[in-house]
Amino acid sequence: VRVWWTFGRGVARTGSLVTRAPVTPKVDGSFRLANLPLDVPLVLWANAPFALDWGSALEAFTAGERRTMELVLEGPVTIAGRVIDTAGNPMAGITGRVVPSEPPPAGERGGVASRDLSTASNEQGEFRLGRLARGLWKLVAKQKVDEGNERLVDARAGDVLGVELVLEPESCLIVRIQWPDGTPARGIQHDLGGSMSFQDEGELMFCGLPAGEHELLFAANRGGVHGIAIAR
C-alpha cells in the first residue's frame, strides 16, 4: 500500500501534481506525512495493488498542526473453482483468467496484481485467482482453440469459491513422424491448422481441428536429404 498527498482542486501550483513521494505504511499500518503546505486544501490518497485509489479532501493545515486519520481500504478477494468437461471429469491445464466487467470510473486506477490475472487448472481441474479487487469480474476458461466458457462473478461482497465452468472436451490428433529407418524426424514443417505442440521426439499433437477428413502434409530435412510425408 502507498499513501501520498496532492494539492486540492483550484490551488495554483507549478511542477508535478504529486509534491512528495508516496510513503509505505509500516507493518502495523501506521504512516507519517510531514512538511505539508499550509493554508491550502489538500487531498490524501492511498493505493493498493488490489484496490481502486482511495482519496479524501483535507481542510487546510495551520502552522504546527498535527492531525491523525484512519484510512479503511477494502481487502482483496479470491475467485476459485473447477473446470470440468460435459461428463463431469476434471480438465487440467485449462487457462482461467479474469478481466473487469467494466473499466473503472475516470480518474480511478483500479487494478489487480498482474501475476494473478490468469492461472491454469491443476489435475483436479481446480483453479484459484487471488488478490483481486472487489467488484464484478468476467471469468473466462479457455482451451487452446475453442471460444471457451465465460461467467460473470460478483465479488463485491468478498471471496467467491466453488465456481464451476463446463467445457466441451477438445479432440486432439497425435502424429508420430519418422524416417524409413525408424529414426524420429526433427525440425518438422507442416501445413495443418489448429494448435500444435511437441510431445516426444518426432511426435506432434494437434488440437482444435474442425470435424471432418484432413490431408496431412509434413516435411523434414536430414543431412541434406529432404523428406515429405502425406497421409489422410
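Preceding this section is the structure that the text describes.
Analysis parameters
Residues numbered from 1 in each chain as written. Predicted model: local features only at pLDDT ≥ 70, side-chain atom pairs only at ≥ 80, totals over all residues. Heavy atoms only, no water. Pairing = 2+ DSSP bridges. Helix = DSSP H or I, 4+ residues; strand = E, 2+ residues; numbered from the N terminus. Axes fitted to C-alpha atoms, helices over the stretch in contact; angles between N-to-C directions. Contact = heavy atoms within 4.5 Å. Polar contact = N/O pair within 3.5 Å; in protein donor to acceptor, adjacent residues only side chain to side chain. Salt bridge = Lys/Arg side-chain N within 4 Å of Asp/Glu carboxyl O. Core = buried A, V, L, I, M, F, W, Y, C linked by side-chain atoms within 4.5 Å. Buried < 20%, exposed > 50% of the residue type's maximum accessible area, 1.4 Å probe, protein only.

Peer 1: Tell me about the sheet that holds strand 2 (residues 42-47), and please be specific about residues and values.
Peer 2: Spatial strand order, 1-2-3: 3 strands in an open sheet with antiparallel pairing. Each edge of the open sheet is held by one strand with a lone partner, namely strand 1 (2-7) and strand 3 (54-58). For this sheet, the mean angle separating the axes of adjacent strands, direction not counted, is 20 degrees.

Peer 1: Can you explain the environment of Asp159? Please cite residues and give values.
Peer 2: Summarising the element assignment, Asp159 is placed in the loop between strand 9 (149-154) and strand 10 (160-167). When residues no more than four places from it in sequence are discounted, the contact partners of Asp159 are Pro76, Val77 and Thr78. For Asp159, the side chain forms a polar contact with the main-chain nitrogen of Thr78, separated by 2.8 Å.

Peer 1: Give a description of the pattern of salt bridges that names residues and reports values.
Peer 2: Taken as a whole and judged by the stated rule, the model has 5 salt bridges. One salt bridge connects Asp181 with Arg222, and the closest N-O pair in it is separated by 3.4 Å. In this pair, Asp181 is assigned in the loop between strand 11 (172-176) and strand 12 (189-190) and Arg222 in strand 15 (residues 216-222), connecting sequence segments 41 residues apart. For Arg232, the salt bridge identified is with Glu215, shortest N-O distance 3.1 Å. Of the two residues, Arg232 sits in the segment after strand 16 (225-231) while Glu215 sits in the loop between strand 14 (203-207) and strand 15, which places them 17 residues apart along the sequence.

Peer 1: Help me get a handle on the side chain of Asn149, residues and values and all.
Peer 2: As for its position among the elements, Asn149 is in strand 9. Within the local environment of Asn149, its side chain forms a polar contact with the backbone oxygen of Val166, the two atoms lying 2.9 Å apart. Leaving out residues up to four positions away in the same chain, Asn149 has contacts with Leu139, Val140, Ala141, Leu165, Val166 and Leu167.

Peer 1: Give a detailed account of the nonpolar core, specifying residues and quantitative values.
Peer 2: By size, the foremost hydrophobic cluster in this structure holds 19 residues, and its most contacted members are Ile79, Val83, Val98, Leu132, Trp137 and Leu139. Secondary structure elements with two or more residues in this core: strand 4 (77-85), strand 7 (126-132), strand 8 (136-142) and strand 10. Counting residues per element, this core draws most heavily on strand 10, which supplies 4 residues.

Peer 1: Account for unusual backbone geometry, naming residues and giving values.
Peer 2: You will see that Asp39, though not glycine, has its phi angle at about 65 degrees, which is positive. Relative to the assigned elements, Asp39 resides in the loop between strand 1 and strand 2. In this structure, Arg131 takes a positive phi of about 55 degrees despite not being glycine. By the element assignment, Arg131 lies in strand 7. Judged by its relative accessible area of 34%, Arg131 is partly exposed.

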